[in-house]
Each structure stands twice: as C-alpha cells, then as structure tokens.
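Chains, contacts and geometry: an overview
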Amino acid sequence: MLITLEGLDGSGKTSAWESLRSGDGTRDDAVPDDAVFTREPTETWYGEAVERSIGDDDADPLAELFLYTADHAAHLADTVRPALADGRVVVSDRYSDSRYAYQGATLSDALDDPLAYVQDVHAPWTRPPDATVYLDVDPETAAERSGATNKFETADYLADVRENYERLIDEEPQRFVRVDASQSQDDVLEEVHEAVGSLLG
Ligand SMILES: Nc1ncnc2c1ncn2[C@@H]1O[C@H](COP(=O)(O)OP(=O)(O)O)[C@@H](O)[C@H]1O
Ligand SMILES: Cc1cn([C@H]2C[C@H](O)[C@@H](COP(=O)(O)OP(=O)(O)O)O2)c(=O)[nH]c1=O
C-alpha cells in the first residue's frame, strides 16, 4: 500500500512522517516495521537538481515542472515500485499531488489548466497513491510556520496551492483523509496515527 502525506509548506507533514517512522512510544505503532519511508524531493542527484531550482528565484516554471517530474520518475523506479512489489507499505512525504497543486499554481500564467496538464503528464506512467493524508492549514499559518525560506512559502502563493489541493480532493474524495493541521502538534499527530492505523488495519 502506498500512503502519501500532503499539504502546504509548514502544515506539519515532515513532523508527522517522522513520528510515524519512529513509532513514537506514546502512540500505537501505525505502520509495520519493514515499511519504507521516503520523500519527494528525493535525496538523489535528481532531487539535488530540484533543490537547486527551488533555490533559484528565476527558475523557469516549466523547466522546474520537468525537474520535479524527473525526480518522481526515478523515485518510482528505484524506491516505490520495488517496495510495493515486495509487498511493503510505502509512506511518502510529498508525492505526485505536490506537483499537481504547486506546479498547477506556478504555471497558471503559462497554461490554461496547468493542474490538468500536470496530471496528464503523469497519467501514463505514475503509480497513484492508495491513500493520502492531507494536512489542512490556512496559508498564513503555513507561511509563518515554514519561515518563508523559499519562493513558494508566501501566503498568496500558498492560497493558490491550497485551492488546487481542494480541487484534487473534490476529484477523488475517497482517496483523501483530511486532518485539521491548525490544531496542536500533539492532536495532529494523534489524528495522523489514527488515520494511518485505520488505513492499514
Ligand atoms: N500543529 C502544529 N502547531 C504548531 N507548530 C507546528 C505544528 N506542526 C508543525 N509545526 C512546526 O512548523 C514547522 C514546520 O513543520 P514541518 O513538520 O517541517 O512541516 P512541513 O514538512 O509540512 O513543512 C516546524 O517548526 C514544526 O515544529
Ligand atoms: C515535491 C514537490 C515539492 N514542491 C515544493 C514544495 C516546497 O515549497 C518545496 C520543498 O519541498 P519540501 O522539502 O517537502 O518542503 P516542506 O517540508 O517545507 O513542505 O518544493 C513543488 O513545488 N512541487 C513538487 O512536486
């Protein structure tokens, strides 16, 4: 089973992913010991190329889409598909929905319906998630928590990204579990553990 964690920068995805990975002594172990914990951007050279473009305020948005997409293709081939073929649970901190939501926003001046375009680019070859935990937080809180350390972390841009996530949820409501990420970190982690536990139970 492939479970992904999605949400705006600062929504608490990485904290939730780490808590699921470490087993967190105070909560039930939601995932099996041999689960594979992974993330996008990855830590490969493809991911390094992505990080370079995140750090470049003048990066071309279309070029950037294809860097992220190249990283995703390699991630599928070297990590996700082999783990799923072995029958293991995979938990990914960001995955294809990040591209649909974020590049769906950065490309709004270049294309009529960038979200649909990015989905079309992925459709013939990606492996969609079985379930996605969406950490829902308002753009102002997201920008504040993330410390606005890169070009994507402004409340205005994140408002567009959030609208795109809502569109993705409307398209496939059965795939998403929404968690209110404006709650205390403890309550958020509790809900994430519960959600993942019931997805796997
Ligand atoms: N529910 C929460 N309430 C307050 N602060 C939070 C909460 N969740 C995460 N944070 C803080 O916000 C920052 C970003 O969290 P992180 O888990 O890295 O989010 P993301 O991976 O979604 O960007 C960290 O400093 C983290 O401690
Ligand atoms: C995976 C991915 C990330 N991003 C953006 C979101 C983040 O601003 C940035 C880095 O992702 P990440 O390291 O997950 O940031 P955070 O932990 O703050 O959420 O890259 C995209 O625009 N498209 C993508 O496909």
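Scroll up for the structure.
An account of the accompanying structure is given in this report. (Residues numbered from 1 in each chain as written. Chains lettered and ligands numbered in written order. Predicted model: local features only at pLDDT ≥ 70, side-chain atom pairs only at ≥ 80, totals over all residues.)

With respect to the overall build of the protein chain
Spelled out, the test is: Numbering of helices and strands starts at the N terminus; helices are DSSP runs of H or I of at least 4 residues and strands are runs of E of at least 2. Radius of gyration: C-alpha atoms only; globule rule: 2.2 Å multiplied by the number of residues to the exponent 0.38. Using C-beta atoms placed from the backbone, we call a residue buried if 20 or more other C-beta atoms fall within 10 Å of its own, exposed if 12 or fewer do, and partly exposed for counts in between.
In terms of regular secondary structure, the protein chain is built from 8 helices and 5 strands. For the protein chain, the succession of helices and strands along the chain, N to C, is β-α-β-α-α-β-α-α-β-α-α-β-α. Relative to a compact globule of 201 residues, whose C-alpha radius of gyration would be 17 Å, the protein chain shows 16 Å and is just as compact. Within the protein chain, buried positions represent 38% of all 201 residues.

Notes on the sheet that holds strand β1 (residues 2–7)
For clarity, the threshold we go by: The pairing criterion for strands is at least two bridges between them, as found by DSSP. Lines fitted to C-alpha atoms define the axes, with helix axes restricted to the stretch in contact, and inter-axis angles between N-to-C directions lie between 0 and 180 degrees.
The parallel open sheet is built from 5 strands, whose spatial order is β2-β3-β1-β4-β5. Of all the strands in the sheet, just β2 (36–39) and β5 (176–180) have a single pairing partner and so form its edges. Between one strand and the next, the sheet's axes are offset by a mean angle of 20°, whatever the strand orientation. Here 4 bridges tie β1 to strand β3 (residues 90–93), and the two strands are oriented parallel to one another. Bridge pairing links threonine 4 to serine 92 in β3.

Quick word on the site of ligand 2
Where we set the bar: Placing the C-beta atom from the backbone, one calls a residue near a molecule or strand if that atom lies within 6 Å of it. Lys, Arg, Asp and Glu make up the charged group, whereas Ala, Val, Leu, Ile, Met, Phe, Trp, Tyr, Cys and Pro make up the nonpolar group; the residues left over, Gly among them, are polar.
The environment of ligand 2 is made up of 15 residues, and the closest members are Asp9, Ser98, Arg99, Tyr102 and Phe152. Mapped by element, the contributors of at least two residues to the shell around ligand 2 are α1 (13–22) and α4 (96–106). When residues of the shell around ligand 2 are assigned to their parent elements, the largest contribution, 4 residues, is made by α4. Tallied by class, the residues present in the shell around ligand 2 amount to 5 nonpolar, 5 polar and 5 charged.

Here we look at the site of ligand 1
The local shell around ligand 1 holds 15 residues, among which Gly12, Lys13, Thr14, Ser15 and Arg145 are the closest. Those elements giving two or more residues to the shell around ligand 1 turn out to be α1, α6 (139–146) and α8 (185–200). The element contributing the most residues to the shell around ligand 1 is α1, with 3 residues. Looking at side-chain class alone, the shell around ligand 1 contains 2 nonpolar, 10 polar and 3 charged residues.

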